Amino acid sequence: MSVDRSVDPCGGRSRSRARPAVVSKPFTVIVDGNSLVTRHIMARAHEELRLGLPFRGGIQGAVRHLGRIMQSTLCSRASRVVVCFDGKPPAYRRELLPSYKADRGDKHARLGFFPDYKTKRRAMRQLRHTRKLLTALGAVCVRYADFEADDVVMAAVQVCVEDGEQPLVLTSDSDLYQTVHAGARVFNLGTSVVIDAGNFARHASTAPDCYLLLRALVGGKDGIKGARGVAEKRASEMLCEAHWDVRLCTGALAQLDSLCQYLARKPKKSKREAALIADRARLERTIEAIDLAATPVDRYDLRRKMAAVPAPSVATFVREARALGLRGLFADAHALSRAIGRATSARK
């Protein structure tokens, strides 16, 4: 892995630019299925609602998007495609963070532009249909009832790293930047940028081994509360200021302890620094809740599922697409099968 000289560990920049690392060994492409499909559902649902069309654009957009990525030189050495989908959040996460996705239980809390919950649920059924089409193209689709897609993606990364691979994660969810520290590369579906250990600080404001602590300090989506008054820029500055104290520690909990000790030694503390020290116990629970590497997914079972790569079937794909009324995918069936099925054939 090439080292990115364009940033320092604190996120500062120099004049030189990083060169993307070239991966010559076969690797697994791990897709955050919910992230991929949902972004296309939301991009097209408003227009489909306005015109009174059935919800199908998310399926077509997601399948074609993955096909384009697999046809690119980025995935020329891909050996298989594993697509992970959401179950429900793990029970321990809800116990540690009662506010985690608490508004998901309110049917009207996250409707967005959908007129009612029933309509949104009908649109989100595209996730299930996309899973069937991707399986027909030769992708391994994995879903665990008691784990979210992020948890399964991280577990799949750990399986690949144990096998000596450097997998590529496709997602638009910054939570999965944690996989870089575990040994993966991340392709951001929104920006089309590949993030690895070399250029990580330029995109995430800190080093890979400090990213989990940064996310706990910042908080944000899904009802995760960070340190009071600490946004990403200030959190990055704190980690930079306490750089040597934090980076010498292994694990986010030890890093938080070191950061709090560093702040406590300061003769003059700001209100937000004093609040961070006071919030230490809560921040520890947040770290334990959002640490994807600690999620107890059964890696033995996951390894078995990842090894069961289905043979691509154009006939099955066309049949499923025809049943959904996706005529636009008929002409692309062979090209999509070659793109995703090529990885299957290469592995065999």
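Residues numbered from 1 in each chain as written. Predicted model: local features only at pLDDT ≥ 70, side-chain atom pairs only at ≥ 80, totals over all residues. Heavy atoms only, no water.

Engineer: Help me understand the pattern of salt bridges, please; the structure alone is not making it clear to me.
Structural biologist: Should their charged atoms come close, side chains of opposite charge can pair. Scanning the model with the defined rule gives 20 salt bridges in all. The shortest N-O distance in the salt bridge between aspartate 279 and arginine 282 comes to 3.0 Å. For the pair aspartate 279 and arginine 282, a shared accessibility class is recorded, and that class is buried. Across the salt bridge formed by aspartate 301 and lysine 305, the nearest N and O atoms sit 3.6 Å from each other. In this pair, aspartate 301 and lysine 305 both sit in helix H15 (residues 299-307), four residues apart, roughly one turn of the helix. (Salt bridge = Lys/Arg side-chain N within 4 Å of Asp/Glu carboxyl O. Buried < 20%, exposed > 50% of the residue type's maximum accessible area, 1.4 Å probe, protein only. Helix = DSSP H or I, 4+ residues; strand = E, 2+ residues; numbered from the N terminus.)

Engineer: Just to check I follow, could you spell out the pairing of strand S5 (residues 185-188) for this structure?
Structural biologist: Successive residues of a regular strand alternate their side chains across the two faces of the sheet. Burial along S5 is two-sided: the face carrying Arg185 and Phe187 and the face carrying Val186 and Asn188 are both buried. As defined by bridge partners, strand S4 (residues 168-171) adjoins S5 across four bridges and the pair is classed as parallel. Residue pairing in the sheet places leucine 168 in a bridge with arginine 185 of S5. Across three bridges, the pairing between S5 and strand S6 (residues 193-195) is antiparallel. Bridge assignment links valine 186 to a residue of S6, and that residue is isoleucine 195. Connecting the antiparallel pair S5 and S6 is a turn made up of four residues, with serine 192 showing a positive phi of about 60 degrees. (Pairing = 2+ DSSP bridges.)

Engineer: Would you explain the packing of aromatic side chains in this entry?
Structural biologist: Any aromatic ring pair is given by two values, namely how distant the centres are and how the planes are angled relative to each other. Enumeration according to the criterion identifies five aromatic pairs in this entry. Ring centres of phenylalanine 55 and phenylalanine 114 lie 6.2 Å apart, and the angle between their planes is 65 degrees; on these two criteria the pair is classed as edge-to-face. Of this pair, phenylalanine 55 sits in the loop between helix H1 (33-51) and helix H2 (57-71) while phenylalanine 114 sits in the loop between helix H3 (91-96) and helix H4 (117-124), and the two are 59 residues apart along the sequence. Each member of the pair, phenylalanine 55 as well as phenylalanine 114, is classed as buried. Measuring from ring centre to ring centre gives 6.5 Å for tyrosine 144 and phenylalanine 147, while their planes differ by 85 degrees; the resulting arrangement is edge-to-face. Side by side, tyrosine 144 and phenylalanine 147 carry an identical accessibility label, which is buried. (Phe/Tyr/Trp six-rings, centres within 6.5 Å; stacked < 30°, edge-to-face > 60°.)

Engineer: I'm lost on the confidence of the model for the protein chain in this one. Help?
Structural biologist: Atom-level detail of predicted coordinates should not be read off regions where pLDDT is low. With 88% of its residues at a pLDDT of 70 or more, the protein chain shows a mean pLDDT of 86. Within the protein chain, helix H17 (residues 333-347) has the poorest average pLDDT of any element, 73, and S4 the best, 98. Counting interchain partners and residues more than four positions distant, the pLDDT-below-50 stretch residues 1-9 has 29 contacts. (pLDDT = per-residue confidence, 0-100. Contact = heavy atoms within 4.5 Å.)

Engineer: Sorry if this is basic, but what is going on with the side chain of threonine 28 here?
Structural biologist: In this structure, threonine 28 sits in strand S1 (residues 27-32). Using a relative accessible area of 0% as the deciding quantity, one classes threonine 28 as buried. At a separation of 2.9 Å, a polar atom in the side chain of threonine 28 contacts the side chain of arginine 80. Reaching out from threonine 28, the side chain makes a polar contact with the side chain of glutamate 165 at a distance of 2.7 Å. (Polar contact = N/O pair within 3.5 Å; in protein donor to acceptor, adjacent residues only side chain to side chain.)

Engineer: What is the right way to look at the packing of helix H12 (residues 252-265) against helix H13 (residues 271-278) in this model?
Structural biologist: Contact geometry of H12 with H13 gives a least axis separation of 10 Å together with a crossing angle of 135 degrees. In terms of orientation, H12 lies oblique with respect to H13. Relative to H13, the crossing made by H12 is left-handed. Contact residues: Leu256, Leu259, Cys260, Leu263 and Ala264 in H12; Glu273, Leu276 and Ile277 in H13. Its residues assigned to classes, the contact of H12 with H13 shows seven nonpolar, no polar and one charged. (Axes fitted to C-alpha atoms, helices over the stretch in contact; angles between N-to-C directions. Parallel < 35°, antiparallel > 145°, perpendicular 65-115°, else oblique. Left-handed = near helix turned anticlockwise from the far one by under 90°. Nonpolar A, V, L, I, M, F, W, Y, C, P; charged D, E, K, R; others polar.)

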